[in-house]
Amino acid sequence: MYAVVVSEPGGPESMSWAEVPDPTLAPGEVLINVAATAVNRADVLQRQGFYPPPPGASEILGLECSGTVAAVADDVTSVAVGDQVCALLTGGGYAEKVAVPAGQVMPLPPGTDLATAASIPEVACTVWSNLISVARVQPGDLVLIHGGSGGIGTHAIQVCKALGAIVAVTAGSAEKLARCAELGAEICINYREQDFVEVIKSTGPGANVILDNMGAKYLERNVEALAPDGRIVIIGMQGGIKAELNLATLLGKRGAIHATSLRGRPLDQKAAICAEVAGNVWPMFESGSVVPIIDAVMPIADVVDAHQRMQDSTHIGKIILTIG
């Protein structure tokens, strides 16, 4: 089969489409003929050499895909050959074929075509596992989403609105903030021009939940913006990995800080998350309260341009790569 190969850690030009060995099918796994995958920030970091895959995972980029089931292990009964599916991956999506544990294979979200479905597993599982399972978003909560115009942000806005929360976002341009507002964000903050802490505090006691992709850079400021009994969930480190924190401020607010990742979780946890997403988020797609937000659909031959677009942060929503 063919897949995107990274010759050495570096820029987008380090990637090429080359022949590689076919994946082998282990017990409990499903082999998918990949129709499409999507670009995630983690793919960029892995390509640059900053985010290696977990032990035993595929070295090929790609944390989600859609496609048609080509084969199943003897012990798999949840899907059948010929089913059209999407899947959460630990790696391997930028390829013609991928083997994935059956628990991470889901039916296509209602109303989505095969290519569009490739853009959903990573964001849906990230948002549900963090904002719902960890942060316990409730109706009426003020939820601050940093990076509101990205793939995770645009999905998180819609899910939080569907659950009755009030959504605030940060983004770096008027165009991006306008799109966030269209999706339901009520408080839109241009981080290049405004202090998000001042804006959030001007609306009341603070944010009940903060979804943060920046890490160290925003840690202290996030605590300042937090409401009493608030919860911060850190899912990225774009702003660094080390920071100092005034614990007295956190204690005074009875706040909680969670740091989570999806890729390295045990298989049973990822299977449980996928089941919760299919059971709770797929009905939101069916009702139209959540829709896929697609920035661009590009052939895998344009993977260098797709990564550059992600790296430049000029996108709004997801970048899909079609294969085949």
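In this text, all values refer to a predicted model and were calculated from it rather than measured experimentally.

A closer look at the packing of aromatic side chains
In total, this model carries 3 aromatic pairs according to the counting rule given. Judged by centre distance (6.3 Å) and plane angle (25°), the ring pair of Tyr2 and Trp17 falls under stacked. With a gap of 15 residues between them, Tyr2 in strand E1 (residues 2-6) and Trp17 in strand E2 (residues 15-19) connect regions that are remote in the sequence. For Tyr2, a relative accessible area of 35% corresponds to the partly exposed category. Note on Trp282 and Phe285: the rings are 5.8 Å apart at their centroids and 90° apart in plane angle, and the pair reads as edge-to-face. Here Phe285 and Trp282 lie together in helix H10 (residues 282-287), a separation of 3 residues that amounts to about one turn. For the pair Trp282 and Phe285, one class covers both residues: buried. Over the face of the ring belonging to Tyr51 we find Arg263, whose NZ or CZ atom lies 5.0 Å from the ring centre.

As for the pattern of salt bridges
When the charged atoms of two side chains with opposite charge come close together, those side chains can pair. On inspection of all chains with the given rule, the structure shows 9 salt bridges. In this structure, Glu186 engages Lys161 in a salt bridge whose closest nitrogen and oxygen atoms are separated by 2.8 Å. Highlighted residues: Glu186 in the loop between helix H5 (174-183) and strand E10 (187-190) and Lys161 in helix H4 (residues 151-162), separated in sequence by 25 residues. Its salt-bridge partner being Asp295, residue Arg309 comes within 2.5 Å of it at the nearest N-O pair.

Brief notes about the sheet that holds strand E9 (residues 166-171)
If you walk across this open sheet you meet the 6 strands as E10-E9-E8-E11-E12-E13, and the pairing is parallel. Across the chains shown, the open sheet's two edge strands, defined by having one partner strand only, are E10 and strand E13 (256-259). Each strand of the sheet is rotated relative to its neighbour by a mean of 15°, with strand direction disregarded. Sheet topology note: the strand E8 (residues 142-146)/E9 ladder contains 5 bridges and is parallel. Bridge assignment links Leu142 to a residue of E9, and that residue is Ile166.

Quick word on the state of the cysteines
Inspection of every chain in the model, using the stated rule, returns 0 disulfides. With no disulfide of its own, Cys188 lies closest to Cys180 among cysteine sulfurs, the gap being 6.0 Å. Its relative accessible area of 28% is what places Cys188 among the partly exposed residues. Of the cysteine sulfurs around Cys274, a residue in no disulfide, the closest is that of Cys125, at 4.0 Å. The class of Cys274 is buried, set by a relative accessible area of 1%.

Rules used in this analysis
Residues numbered from 1 in each chain as written. Predicted model: local features only at pLDDT ≥ 70, side-chain atom pairs only at ≥ 80, totals over all residues. Heavy atoms only, no water. Phe/Tyr/Trp six-rings, centres within 6.5 Å; stacked < 30°, edge-to-face > 60°. Helix = DSSP H or I, 4+ residues; strand = E, 2+ residues; numbered from the N terminus. Buried < 20%, exposed > 50% of the residue type's maximum accessible area, 1.4 Å probe, protein only. Lys NZ or Arg CZ within 6 Å of the ring centre and 35° of its normal. Salt bridge = Lys/Arg side-chain N within 4 Å of Asp/Glu carboxyl O. Pairing = 2+ DSSP bridges. Axes fitted to C-alpha atoms, helices over the stretch in contact; angles between N-to-C directions. Disulfide = S-S within 2.5 Å.

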